[in-house]
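Okay, here's what each chain looks like letter by letter:
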Amino acid sequence: MTIAPEFPHTAETRLPGIQYTTLDEVLRQRISDSPAIGRIESAEAGLLLHTRSGVAHLSESPDGVQITLCADRPDRLQLLRDGLIGVLSDAMPGIADSLRWDDLSGAGLLPPNLHFATVQSVSPLGKAFLRVRIKADDLSSFQDDAIHFRLVLPPAGLRDVEWPHVKENGATAWPQGDKALHRPVYTTRWIDHDAGLMDFDVFLHDGGRVTEWAGSVRTGDTVAFMGPGGGGIPQTDRLLAFADETAFPAIARIAETLPVSASGKILMMGAGAEACGYPISAPEGVELNWIDPVAEAELAEMALSAHADKADHYLWFAAEKSASQQVRKGYKQHGGDPQNAYIAGYWTRGQ
Ligand SMILES: Cc1cc2nc3c(=O)[nH]c(=O)nc-3n(C[C@H](O)[C@H](O)[C@H](O)COP(=O)(O)OP(=O)(O)OC[C@H]3O[C@@H](n4cnc5c(N)ncnc54)[C@H](O)[C@@H]3O)c2cc1C
């Protein structure tokens, strides 16, 4: 079945022995709890789930549920498949174990969204960041609609590294225990598709494994990463944005992509504030403010009250998890439109 012609990569499977209505309820509840995942549209005999990675069609079949996924690229198809299996498994543990997909000829292969790159350079950026430039064969999936990825770092010193593989049910299996891989999320700050080059900026913080990695990696070393994923550049010309250091790269990329006529406000929170020297440029009508760190609850309050004043603006908020949770809750209580906001926890204190 072709759900959308612009998405040529498809995968089909059947989930036997389950009522379609049960699955329908589970998915609708999940999307209502986490609107960032995507949007549901009712479709003939089922539903369409539109996500950033592609579209999933779920419908009633004689013996259970028919699932069709489609995406514009193989790596996004795998992201969609992993996401759907994750949602199904959370709601009904074990349910996805017996899935078999028509597009997978065998288990054990590397997931198509795992990429390998060569480190080109690591250079200081202001006082608190390192900018890492990498080169990879194919970065064509990394576009403005999905500006994040996961670094995939083996434990330091491990000789026989195990990479993830695709399981028989299509899910990505990750090595466990001593071989577990560190998979923090980063932002594509700059990309040159023709040259296969990509920059990301690492905020340096105590005890950070990526801080340690970026400080010791050498030109020519190989690095693995998985993506793309996460949010994209919002299509808006009225923006209210709040970011701590981990979100400076994302907001800097968004700010430079806004239309010149854009208006609004960006608040950057970090130690030393503007003096930390992180470069950002925004259209004239977008006010840039820098503040030294405040408590998470205070940052959340600032965002909510700014949004109360300018409810027609797109609200973009990314910082420590507890602040994001508070903003998400307040935004929902104030009746904010989930399609007009991006509210994300970028790191967790004390984890
Ligand atoms: C969508 C998304 C995009 C992101 N983009 C970027 C990016 O472009 N650049 C960037 O630097 N980060 C970014 N982050 C945040 C980054 O993924 C986290 O900070 C991550 O924990 C870093 O991993 P680590 O190996 O440095 O720390 P870990 O080794 O995982 O953690 C070690 C300790 O550091 C603490 N810690 C983690 N982050 C911070 C922090 N910011 N300040 C103080 N303590 C901290 C942890 O609580 C833990 O106690 C992004 C996160 C998300 C979700």
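Look up: the structure comes first, before these words.
In this convention, every chain numbers its residues from 1, walking through the sequence in written order. The model is predicted, so local features are restricted to residues of pLDDT at least 70 and side-chain atom pairs to those at 80 or more, both for listing and for counting; the totals for chains, interfaces and linings are taken over all residues.

(A) Structural detail: the pairing of strand S4 (residues 55-61). Sheet topology places strand S3 (residues 46-51) next to S4; five bridges connect them, and they run antiparallel. Counted as the bridge partner of Leu-49 is Ala-56 from S4. In this structure, the hairpin formed by S3 and S4 is closed by a connection of three residues, where Gly-54 is found at a positive phi of approximately 160°. Bridge count for S4 against strand S5 (residues 64-71) is seven bridges, and the pairing is antiparallel. Looking at the pairing, Val-55 lines up with Cys-70 of S5. In this description, strands pair whenever DSSP reports at least two bridges between them. Secondary structure elements follow DSSP: runs of H or I no shorter than four residues count as helices, runs of E no shorter than two count as strands, and numbering proceeds from the N terminus.

(B) Fine view of the pairing of strand S15 (residues 238-244). We call a residue exposed when 12 or fewer other C-beta atoms sit within 10 Å of its C-beta, buried when the count reaches 20 or more, and partly exposed for counts in between; the C-beta positions come from the backbone. Burial analysis of S15 places six of its seven residues in the buried class, the great majority of the element. Relative to strand S16 (residues 263-269), S15 runs parallel, the two being bridged by seven bridges. Bridging from a neighbouring strand, Ala-241 pairs with Ile-266 of S16. Since S15 and S16 lie parallel, the crossover through helix H4 (residues 248-257) that links them has a hand, and here it is right-handed. Across five bridges, S15 lies against strand S18 (residues 314-320) in parallel orientation. Paired with Ala-243 across the bridge in S18 is Ala-318. When the strands point away from the viewer, a crossover counts as right-handed if the path from the first strand over the helix to the second runs clockwise.

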